[in-house]
Amino acid sequence: LASNCLGYVKMIYVTYFKGAVMKHAQIDPDQRFYCLPPVQLRLKIPVAIEHIPAGFPSPAESYASEYLDFNEYLVSNPAATFTVRCGGDSMIDAGISKNDLLIIDRSIAPKHNDIVMANLHGSYTIKRLHIYPNKAVELRSENSSGQYPHFQCNDDIDIKIIGVVMFTIKPMRR
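Residues numbered from 1 in each chain as written. Predicted model: local features only at pLDDT ≥ 70, side-chain atom pairs only at ≥ 80, totals over all residues. Heavy atoms only, no water.

Regarding the overall build of the chain
Keep this limit in mind: For the purposes of this entry, the term helix denotes a DSSP run of H or I that reaches at least four residues, the term strand denotes a run of E that reaches at least two, and both are numbered from the N terminus. Buried, partly exposed and exposed residues are distinguished by accessible area as a fraction of the type maximum, computed with a 1.4 Å probe on protein chains only: under 20%, between the cut-offs, and over 50%, respectively. Any two residues whose heavy atoms approach within 4.5 Å are treated as being in contact. Surface exposure here means Shrake-Rupley accessible area, sampled with a 1.4 Å probe, where a residue is shielded only by the protein chains that are shown.
From N to C terminus, the chain includes 2 helices and 11 strands. If you list the helices and strands of the chain from N to C, you get α-β-β-β-β-α-β-β-β-β-β-β-β. Burial analysis of the chain (174 residues in total) assigns 33% to the buried set. When contacts within the chain are restricted to residue pairs at least 6 apart in sequence, long-range pairs at least 24 apart make up 54% of them. Summed over its atoms, the accessible surface of the chain is roughly 11400 Å², and 55% of this surface lies on carbon and sulfur atoms.

What to know about unusual backbone geometry
Residues other than glycine seldom take positive phi values, yet Asn 99 does so here, at roughly 80°. Relative to the helices and strands, Asn 99 resides in the loop between β5 (81–85) and β6 (101–105). For Asn 113, which is not glycine, the phi torsion reads 80° and is therefore positive. Along the chain, Asn 113 turns up in the loop between β6 and β7 (115–120).

Some thoughts on the nonpolar core
What counts is decided by this rule: Grouping buried Ala, Val, Leu, Ile, Met, Phe, Trp, Tyr and Cys residues that are joined through side-chain atoms within 4.5 Å yields what is termed a nonpolar core.
In terms of nonpolar packing, the biggest core is built from 12 residues, these being Phe 82, Val 84, Cys 86, Met 91, Ile 96, Leu 102, Ile 104, Ile 115, Met 117, Ile 126, Ile 162 and Val 165. Of all the secondary-structure elements, those providing two or more residues to this core are β5, β6, β7 and β11 (159–169). Within the second largest apolar cluster, 11 residues are counted, among which are Val 137, Leu 139, Cys 153 and Val 164.

Remarks on the packing of aromatic side chains
Formally: Only rings of Phe, Tyr and Trp enter the pairing, Trp through its six-membered ring, and a pair is recorded when the two centres are within 6.5 Å. The plane angle decides the type: under 30 degrees is stacked, over 60 is edge-to-face, the rest tilted.
Going through the model one piece at a time under the given rule, you end up with 1 aromatic pair. Arranged with centres 5.4 Å apart and planes meeting at 45°, the rings of Tyr 73 and Phe 167 form a pair that is tilted. Taken together, the positions of Tyr 73 in helix α2 (residues 70–74) and Phe 167 in strand β11 put the pair 94 residues apart, joining distant regions of the chain.

Concerning the pattern of salt bridges
Put simply, the test is: Salt bridge, as used here: a side-chain nitrogen of Lys or Arg that lies within 4 Å of a carboxyl oxygen of Asp or Glu.
Under the criterion given, the structure shown has 3 salt bridges. For Lys 170, the salt bridge goes to Asp 100, with nearest N and O atoms at 2.9 Å. Placement of the pair is Lys 170 in the segment after β11 and Asp 100 in the loop between β5 and β6, with a sequence separation of 70 residues. Given a relative accessible area of 3%, Asp 100 falls into the buried group.

Notes on the confidence of the model for the chain
Convention followed: Every residue carries a pLDDT, the predictor's confidence in it, which falls somewhere between 0 and 100.
When the pLDDT values of the chain are averaged, the result is 77; 64% of them are 70 or greater. Within the chain, the element-level pLDDT minimum falls on helix α1 (residues 2–5), averaging 29, and the maximum on strand β8 (residues 123–131), averaging 94. Here residues 1–12 is a poorly scored stretch, pLDDT under 50, and it has 25 contacts once near neighbours within four places are set aside; other chains count. This stretch, residues 26–31, has a pLDDT under 50; its non-local contacts, to residues over four places away or in other chains, come to 19 contacts.

Things to note about the pairing of β7
The following threshold applies: Two strands form a pair only when DSSP identifies at least two bridges running between them.
Across the 6 residues of β7, 6 count as buried, placing the element largely inside the fold. Of the two faces of β7, the one holding Ile 115, Met 117 and Asn 119 and the one holding Val 116, Ala 118 and Leu 120 are both buried throughout. Pairing analysis gives 6 bridges linking β7 to β8, with the strands arranged antiparallel. Bridged to Asn 119 within β8 is Tyr 124. Sheet analysis places β7 next to β11, joined by 5 bridges and oriented antiparallel. What sits directly across from Asn 119, in β11, is Lys 160.

Describing the environment of Ile 103
As for its placement among the helices and strands, Ile 103 is situated in strand β6. Between the C-alpha atom of Ile 103 and that of Phe 167, which follows or precedes it by 64 residues, the distance is 5.2 Å. In contact with Ile 103, not counting residues within four places along its chain, are Leu 74, Thr 81, Phe 82, Thr 83, Val 164, Val 165, Met 166, Phe 167 and Ile 169.

Right, here's the structure in full:
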């Protein structure tokens, strides 16, 4: 099954941290995130000409200036992009809630303050990446309840960055 599923993805670059050292490696794709080939469906949605304020109401124009294709807007590298559903509440102060869809790009080099999907000793997590001037690396939860830990990279904790969270898709109607 794996050889059939992964035919379109050759190699993936991953960033990982060992102690305070950032390294880049080439790895085979993780089967859990590359099981299905991407579907090439184009659906263009009209985009209103003006910005709609979230404060005081404004008279709305009744026509669109352009059309938006969500594939083009949300995915810059289809072969390295996948979607996961958030499984917890550790990032609610960053606007990411349980069951939100996260669009993750494995081809983007992670940088300080990116929200990333990481592998901590075989378990996946979504956290904010902090790279300090002294090269110390930390994955930080963003939940003001204080219930969720931060993870500092050291000789006991290896952090592998799977990809950078590029967009969040969430339902607004309850």
